[in-house]
Amino acid sequence: MAWYFAVVERFHEIQNPTSVEKIRLLGERLGLGPGSHVLDVGSGRGGPALVLAGEFGCRITSVERAEEFHSVARERVREAGLDHLVELIHADAAGFPIEPGRYDAALCLGASFIWDGLDGTLAALVPAVRAGGSVAVGEPYWRRWPLPDGFQPDPGEDFTTLDETVRRFEGAGLAATALIDASFDDWDRYETLHWLSAEGWLAEHPGDPDAEEIRRLFDRQRDRYLRWERDLLGWAIIAGRSKA
Ligand SMILES: C[S@@+](CC[C@H](N)C(=O)[O-])C[C@H]1O[C@@H](n2cnc3c(N)ncnc32)[C@H](O)[C@@H]1O
């Protein structure tokens with residue numbers, strides 16, 4: 001069975017509405033260097049890990065559940081000659097044993113659903129970092145509140161406003177230290193690469209038993225993006241320093 005995200009994100013360098021430059025900025029704001037050890041959960045095809053390890057020489061422990069993405073990340077890390085810095089773990093991050101205080105920074109970029117949202121993610125990751133270490137989460141937020149009539153968030157999309165999102169970091173014992181927002185260009189680049197990937201896959205697999213379902217999911221998402229989400233949904237990487 002072809003998995004929808006493995007189809008639509010097969011070309012993505014980074015699987016979020018952000019950029020290599022913004023991940024580099026994140027590394028600077030986190031103060032990463034050759035002595036740092038970073039935990040990256042829901043690490044996907046390894047895009048952020050490649051940028052951070054390549055640019056700052058830090059060690060990264062990446063945890064990714066999907067074999068489709070884990071295997072690509074392994075190949076990309078090997079090709080970049082970064083095996084000595086990036087450890088790739090193929091596992092469900094929800095069951096991954098996180099050693100308290102082990103890391104200088106913990107990242108979850110676009111995967112807070114692993115712990116049922118931002119609060120659960122912060123509760124899981126704050127203990128992972130040493131005192132003075134940082135937690136960074138890439139998280140959607142609503143640009144407008146209340147949401148307009150006619151728009152219904154999907155189950156699990158219990159996002160909030162940007163200011164409330166930042167307050168949740170403070171509530172989790174973090175002093176907010178960085179906000180790196182997605183621009184419309186970042187969003188369009190991320191979303192429309194789904195279009196290219198899906199249309200290409202569908203053209204290449206006309207008789208595939210999964211083609212109808214991939215088409216249905218893809219059409220629905222493109223429609224939601226153009227009609228609602230491009231206007232309503234923001235996404236930002238927020239970082240905070242542990243006060244513990
Ligand atoms: C939106 S992608 C982001 C990937 C990566 N952080 C990036 O920015 O390129 C979310 C990733 O989380 C992974 N994921 C989802 N549930 C997971 C889980 N329980 N444990 C580990 N990874 C998970 C997905 O397979 C996917 O690769």
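This text follows the structure it describes.
Structure report, in brief.

**A short note on the site of the ligand**
The full set close to the ligand counts 20 residues, and Asn16, Gly42, Glu64, Asp92 and Ala93 are the nearest of them. Within the side chain of Asn16, an N or O atom sits 2.8 Å from an oxygen atom of the ligand. Between a nitrogen atom of the ligand and a main-chain N or O atom of Ala93, the distance comes to 2.8 Å. In the complex, the protein chains occlude 93% of the 600 Å² of accessible area that the ligand would expose alone. Of the residues contributing to the shell around the ligand, the split by class is eleven nonpolar, six polar and three charged.

**Digging into the sheet that holds strand 3 (residues 86–90)**
Spatial ordering of the open sheet is given by 3-2-1-4-5-7-6, a layout of seven strands whose pairing is mixed. Each having just a single partner strand, strand 3 and strand 6 (174–181) make up the two edges of the open sheet. Here the average twist between neighbouring strands, direction ignored, is 20 degrees. Relative to strand 7 (residues 233–242), strand 6 runs antiparallel, the two being bridged by seven bridges. Pairing of Ala178 across the sheet is with Ala239, part of strand 7. The strands touched by helix 5 (residues 118–125) are strand 1 (37–41), strand 4 (103–109), strand 5 (129–142) and strand 6; relative to strand 5, the strand with the most contacts, the crossing angle is about 165 degrees.

**Details of the nonpolar core**
Of all hydrophobic cores here, the largest spans 39 residues; its most connected members are Leu26, Leu32, Leu52, Ile60, Val86, Leu107 and Ile237. Those elements giving two or more residues to this core turn out to be helix 2 (20–29), helix 3 (47–56), strand 4, strand 5, strand 6, helix 7 (184–204), helix 8 (211–232) and strand 7. Looking at this core, the element that brings in the most residues is helix 3, giving six residues. By size, the runner-up hydrophobic cluster in this structure holds 24 residues, among which are Ala111, Val129, Tyr141 and Leu174.

**Some thoughts on the packing of helix 7 against helix 8**
Running from N to C, helix 7 and helix 8 point in directions that differ by 160 degrees, and their axes come no closer than 10 Å. With respect to each other, helix 7 and helix 8 are oriented roughly antiparallel. At the point where helix 7 passes helix 8, the crossing takes the left-handed sense. Contacts between helix 7 and helix 8 involve Phe184, Trp187, Asp188, Glu191, His194, Trp195, Ala198, Glu199, Trp201 and Leu202 from the former and Ala211, Ile214, Arg215, Phe218, Gln221, Arg222, Tyr225, Leu226 and Arg230 from the latter. Looking at the contact of helix 7 with helix 8 residue by residue, the class counts come to eleven nonpolar, two polar and six charged.

**What about the layout of surface pockets?**
Looking at the second largest pocket, its volume works out to about 170 Å³. If you list the elements that add at least two residues to the lining of the second largest pocket, you get helix 2 and helix 7. Looking at which element gives the most residues to the lining of the second largest pocket, the answer is helix 7, with three residues. In the lining of the second largest pocket, the residues fall into five nonpolar, four polar and three charged.

About the thresholds
Residues numbered from 1 in each chain as written. Predicted model: local features only at pLDDT ≥ 70, side-chain atom pairs only at ≥ 80, totals over all residues. Heavy atoms only, no water. Near = heavy atom within 4 Å. Polar contact = N/O pair within 3.5 Å; in protein donor to acceptor, adjacent residues only side chain to side chain. Areas by Shrake-Rupley, 256 points an atom, 1.4 Å probe, with all protein chains shown as cover. Nonpolar A, V, L, I, M, F, W, Y, C, P; charged D, E, K, R; others polar. Pairing = 2+ DSSP bridges. Helix = DSSP H or I, 4+ residues; strand = E, 2+ residues; numbered from the N terminus. Axes fitted to C-alpha atoms, helices over the stretch in contact; angles between N-to-C directions. Contact = heavy atoms within 4.5 Å. Core = buried A, V, L, I, M, F, W, Y, C linked by side-chain atoms within 4.5 Å. Buried < 20%, exposed > 50% of the residue type's maximum accessible area, 1.4 Å probe, protein only. Parallel < 35°, antiparallel > 145°, perpendicular 65-115°, else oblique. Left-handed = near helix turned anticlockwise from the far one by under 90°. 1 Å grid on protein atoms, 1.4 Å probe; cavity = no way out; pocket = protein on both sides within 12 Å on 5 of 7 lines; lining within 4 Å. Points joined across faces, edges and corners; volume = space filled by probe spheres on them.

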